[in-house]
Amino acid sequence: MSDNSKSYDEFTINFKLEEDVPVDQFEMTMYNYEFVGNNTKCQVIDIDGVRALQFKIPATLPLEQFLRKQLYKGEFLSILSNIMNQLMYFDENKMPLNKLLLNIHYMYIELSTLDVQLIYMPVNKKFADCNITEFIQTLIGSIRFANMDCVELVDKILKYLDSKLMFNLEEFYNYVLSLEQDMLLEDVEENDDKKSSTTILTTSSNYNNPVPYLLRIKTNELIPILAKEFMVGKSADSNYQIIDNKKVSRRHAIFRISNGECYVRDNDSTNHTFVNGKLLQPGVEIILSNDDYIRLGDEEFRYWVR
């Protein structure tokens, strides 16, 4: 297997195929359909005389890297339900689940939707047995929790799994959907309570907007914007310090959080700040939208919030 090329928003992975291993054309066709968030494409190619399965994966990050950040309850449920929904697709189409690479190292995520891309091997050969319960437990073990809501949710799921003598995919998928439904009802009730309240000012204790992030494209690093005024530059007093790019100024740009929105302004930098290719005038703030591209000199970022 070779992870031979990576580019922003697409990964390419090649798996060597032995000459005597046939490809299952039905499974290849079913996998190459767009289904429940999975848009990965698979084909057989020749690399210097070597037969290989090539996967073109449209995603922003490897899931393994995404899980280095703290997850909120809604984010975790979205990821889990998307994976389970895909497993249901494979199961309903008689595609053996043990041909899936159920390992976060081989899973990829699109930040704007939280859709997870799974890799399926459409070949006729023997694979090891698939233990979905073990995969879910391993996935949960990889999570950093953002708050107690997420901890309590995961505890519920683990208790559910422990209570079952035999794992049933459809039952578990419906259980995850019920958890999502409960969360939506809680959000509706919370919004109704806020509307009926006479309190005008929103305090930090009940203001639950998720943390916005910068994705540094060169390194695929997720950078949480945790301060109300978040400075990016070469200076040691920056909230995020860039020491490996001469085009970035000492105090290049300021990201400011206000009323649940994020603004950026150029801090009179030498090589300027750009948003979606548009030059920012020094000291002038503009509001950021999800998936905006930001360039500090020639250092590229993507803004993401969910």
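This text goes with the structure placed above it.
So, a few notes on the structure that sits alongside this text.

Quick notes on the rules
- Residues numbered from 1 in each chain as written.
- Predicted model: local features only at pLDDT ≥ 70, side-chain atom pairs only at ≥ 80, totals over all residues.
- Heavy atoms only, no water.
- Buried < 20%, exposed > 50% of the residue type's maximum accessible area, 1.4 Å probe, protein only.
- Helix = DSSP H or I, 4+ residues; strand = E, 2+ residues; numbered from the N terminus.
- Arc of directions from axis to C-beta.
- Polar contact = N/O pair within 3.5 Å; in protein donor to acceptor, adjacent residues only side chain to side chain.
- Patch = residues over 30% accessible without salt bridge, like charges linked within 9 Å, V, L, I, M, F, W, Y side chains within 5 Å.
- Areas by Shrake-Rupley, 256 points an atom, 1.4 Å probe, with all protein chains shown as cover.
- Salt bridge = Lys/Arg side-chain N within 4 Å of Asp/Glu carboxyl O.
- Lys, Arg positive; Asp, Glu negative; His and termini not counted.
- Charge placed at Lys NZ, Arg CZ, Asp CG, Glu CD.
- Core = buried A, V, L, I, M, F, W, Y, C linked by side-chain atoms within 4.5 Å.
- Contact = heavy atoms within 4.5 Å.
- Pairing = 2+ DSSP bridges.
- Axes fitted to C-alpha atoms, helices over the stretch in contact; angles between N-to-C directions.
- Parallel < 35°, antiparallel > 145°, perpendicular 65-115°, else oblique.
- Left-handed = near helix turned anticlockwise from the far one by under 90°.

**So, helix α4 (residues 132-141)**
An α-helix turns once every 3.6 residues. As a result, residues three or four positions apart point the same way.
Move 1: What α4 keeps buried is the set Ile132, Thr133, Phe135, Ile136, Leu139 and Ile140. Seen along its axis, α4 keeps its buried residues to an arc of 160°; they face one direction. Exposed side chains of α4 directed beyond 90 degrees from the buried face belong to Thr138 and Gly141.
Move 2: Measuring from the backbone nitrogen of Thr133 back to the side-chain oxygen at the start of α4 gives 3.3 Å, which picks out Asn131 as the cap.

**Some points on a negative patch on the surface**
Move 1: Together, Glu18, Glu19, Asp20, Asp46 and Asp48 line one region of the surface with negative charge.
Move 2: When its relative accessible area of 62% is taken as the criterion, Glu19 is described as exposed.

**Regarding the nonpolar core**
Move 1: Counting 71 residues, the largest nonpolar core has Phe66, Phe76 and Ile157 as its most contacted members.
Move 2: Considering each element in turn, this core owes the most residues, ten residues, to helix α3 (residues 73-92).
Move 3: In this structure Ile157 touches Phe76, Leu80, Ile136, Ile140, Phe172, Tyr175 and Leu179, once residues within four positions along its chain are discounted.

**Notes on the pairing of strand β15 (residues 261-266)**
Move 1: In terms of strand pairing, strand β14 (residues 253-258) meets β15 through six bridges, oriented antiparallel. Bridge pairing in β15 places Ser258 opposite Glu261.
Move 2: Hairpin connection from β14 to β15: two residues lie between these consecutive antiparallel strands, with Asn259 at a positive phi of about 50°.
Move 3: Relative to strand β18 (residues 285-287), β15 runs antiparallel, the two sharing three bridges. Counterpart to Tyr263 in the pairing with β18 is Ile287.

**Observations concerning helix α1 (residues 25-32)**
Move 1: Residues of α1 that are buried include every one of Glu27, Met28, Met30 and Tyr31, and no others. Angular distribution of buried residues about the axis of α1 spans 170°; they occupy a single face of the element.
Move 2: Those residues of α1 hidden inside the fold are in contact with β3 (41-47), β4 (50-57) and α3.
Move 3: With a side-chain oxygen positioned 3.1 Å from the backbone nitrogen of Phe26, the residue opening α1 is Asp24.

**Describing the packing of α3 against α4**
Move 1: α4 packs onto α3 with a crossing angle of 160° between their chain directions and a minimal axis gap of 12 Å. The angle between α3 and α4 places the two elements in the roughly antiparallel class. Both α3 and α4 take part in a crossing whose hand is right-handed. Contacts from Phe76, Leu80, Ile83, Met84 and Leu87 in α3 reach Ile132, Phe135, Ile136, Leu139 and Ile140 in α4.

Treat this as a map of the structure, not an account of what it does.
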